[in-house]
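One-letter residues, chain by chain:
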Amino acid sequence: MANADFNQQNTPQGGFSAESYRAAAEKPARSLTPTQQKLAAAEKKLPAALQSKAAATAIAVVMIVLSVFGFGGAKLRGRYTEVENAVTIGVAADTRYSSEYTVAAQLSARASNAQSLITAAGDLLGTDNSYVAAAQAALSALNEARDGTSVKAMHDTDAALEAAADALYAEAQSVSGNATKMGTLQTSYTNYNSAGRVLGNLSYNELAQTYNDEAGFPANLIGSLWGCGKAELFA
């Protein structure tokens with residue numbers, strides 16, 4: 001009887017058991033949110049020396065900043081995409097007057113009129129004329145930039161073409177030629193400059209600068225995780 005009492009007194013009451021341990025171990029881990037997954041991926045890219053408690057704390061701070069400022073990555077990405085698309089579809093403040101009031105449309109008009117100008121000048125000066133060749137090379141550079149995504153490259157090649165077109169027009173005017181050809185030259189040059197004036201007054205730069213101001217610190221920390229860089233100005 002004594003042995004029976006002794007065994008009963010040493011029976012664990014609500015203590016550790018292998019069954020309860022296994023049940024706890026088998027409990028599925030909580031899945032990460034999309035934002036947490038991006039932050040975790042960013043942390044893995046850090047050098048090993050930075051993958052520490054300090055790094056984890058820094059990431060946690062970024063998450064707090066995200067929640068405090070309410071400027072989520074998806075929202076920032078949307079604004080960035082809006083600026084990118086504005087090159088081709090324009091800004092509402094401009095397109096309400098004409099669907100052609102966009103950076104892409106005006107550059108296309110500039111390129112078309114520049115080609116007409118070069119052709120007319122070539123008839124007067126000869127296609128092997130240095131001014132004609134320089135303008136044609138500048139136009140080719142602009143057309144190549146128009147097929148890319150760099151707004152700065154579009155601006156720089158357009159500026160180079162304008163300088164070449166001005167020099168070509170001045171050279172062609174100094175040569176006496178057919179009145180019809182001179183009329184075509186004048187019309188092409190006038191239309192070319194007209195598209196340039198429209199281009200210089202579009203609202204794209206205002207939209208891009210507003211985005212850049214909004215995407216400053218701390219939003220740029222989140223933007224780097226969503227592929228949102230600084231918007232290029234057409235300047």
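You'll find the structure just up there.
Residues numbered from 1 in each chain as written. Predicted model: local features only at pLDDT ≥ 70, side-chain atom pairs only at ≥ 80, totals over all residues. Heavy atoms only, no water.

S.K.: Give me the layout of surface pockets: which residues, what numbers.
M.R.: Taken as a whole, the largest pocket spans an internal volume of roughly 320 Å³. Lining the largest pocket are 16 residues, with Glu84, Val87, Thr149, Val151 and Met154 sitting closest to its centre. If you list the elements that add at least two residues to the lining of the largest pocket, you get helix H5 (73-89), helix H7 (103-125) and helix H9 (151-173). The element best represented in the lining of the largest pocket is H5, accounting for five residues. Within the lining of the largest pocket, the residues separate by chemical class into nine nonpolar, three polar and four charged. Taken as a whole, the second largest pocket encloses approximately 190 Å³ of empty space. Lining of the second largest pocket is provided by 14 residues; of these, His155, Leu199, Gly200, Asn205 and Phe234 occupy positions nearest its centre. Those elements giving two or more residues to the lining of the second largest pocket turn out to be H7, H9, helix H10 (179-200) and helix H11 (204-214). The greatest single-element share of the lining of the second largest pocket, amounting to four residues, is contributed by H9. The residue makeup of the lining of the second largest pocket, split by class, is six nonpolar, four polar and four charged. (1 Å grid on protein atoms, 1.4 Å probe; cavity = no way out; pocket = protein on both sides within 12 Å on 5 of 7 lines; lining within 4 Å. Points joined across faces, edges and corners; volume = space filled by probe spheres on them. Helix = DSSP H or I, 4+ residues; strand = E, 2+ residues; numbered from the N terminus. Nonpolar A, V, L, I, M, F, W, Y, C, P; charged D, E, K, R; others polar.)

S.K.: Account for empty space enclosed by the protein, with residues named and values stated.
M.R.: Counted under the stated rule, the structure contains two cavities of 30 Å³ or more. Put simply, the second largest cavity is a space of about 30 Å³.

S.K.: Could you give me a rundown of the nonpolar core, with the residues and numbers involved?
M.R.: Core analysis: the biggest nonpolar cluster contains 42 residues, and Val103, Leu168, Leu185, Tyr204 and Phe234 have the highest contact counts within it. Looking at this core, the elements that each hand over two or more residues are H5, H7, helix H8 (130-146), H9, H10 and H11. Sort the elements by how many residues they give to this core and H7 lands first, with 10 residues. The contacts of Leu185, once residues within four sequence positions are left out, are Leu117, Ala120, Ala121, Leu124, Tyr169 and Ala172. (Core = buried A, V, L, I, M, F, W, Y, C linked by side-chain atoms within 4.5 Å. Buried < 20%, exposed > 50% of the residue type's maximum accessible area, 1.4 Å probe, protein only. Contact = heavy atoms within 4.5 Å.)

S.K.: Please provide a residue-by-residue account of the packing of aromatic side chains, values included.
M.R.: Summed over the entire model, instances satisfying the criterion amount to two aromatic pairs. With centroids separated by 3.9 Å and ring planes inclined at 5°, the aromatic side chains of Tyr169 and Tyr189 adopt a geometry described as stacked. Taken as a pair, Tyr169 in helix H9 and Tyr189 in helix H10 lie far apart in primary sequence, 20 residues in all. Seen from the ring of Tyr192, Arg110 lies directly overhead, with NZ or CZ sitting 4.0 Å from the centre. (Phe/Tyr/Trp six-rings, centres within 6.5 Å; stacked < 30°, edge-to-face > 60°. Lys NZ or Arg CZ within 6 Å of the ring centre and 35° of its normal.)

S.K.: So what's going on with the packing of H9 against H10? Which residues, and what values?
M.R.: Running from N to C, H9 and H10 cross one another at 155°; their axes reach a closest spacing of 11 Å. Considered as vectors, H9 and H10 are oriented roughly antiparallel to each other. At the point where H9 passes H10, the crossing takes the left-handed sense. Taken together, the residues of H10 that come into contact with H9 (itself represented by Asp158, Leu161, Glu162, Ala165, Asp166, Tyr169, Ala172 and Gln173) are Met182, Leu185, Gln186, Tyr189, Tyr192 and Leu199. Its residues placed into classes, the contact of H9 with H10 shows nine nonpolar, two polar and three charged. (Axes fitted to C-alpha atoms, helices over the stretch in contact; angles between N-to-C directions. Parallel < 35°, antiparallel > 145°, perpendicular 65-115°, else oblique. Left-handed = near helix turned anticlockwise from the far one by under 90°.)

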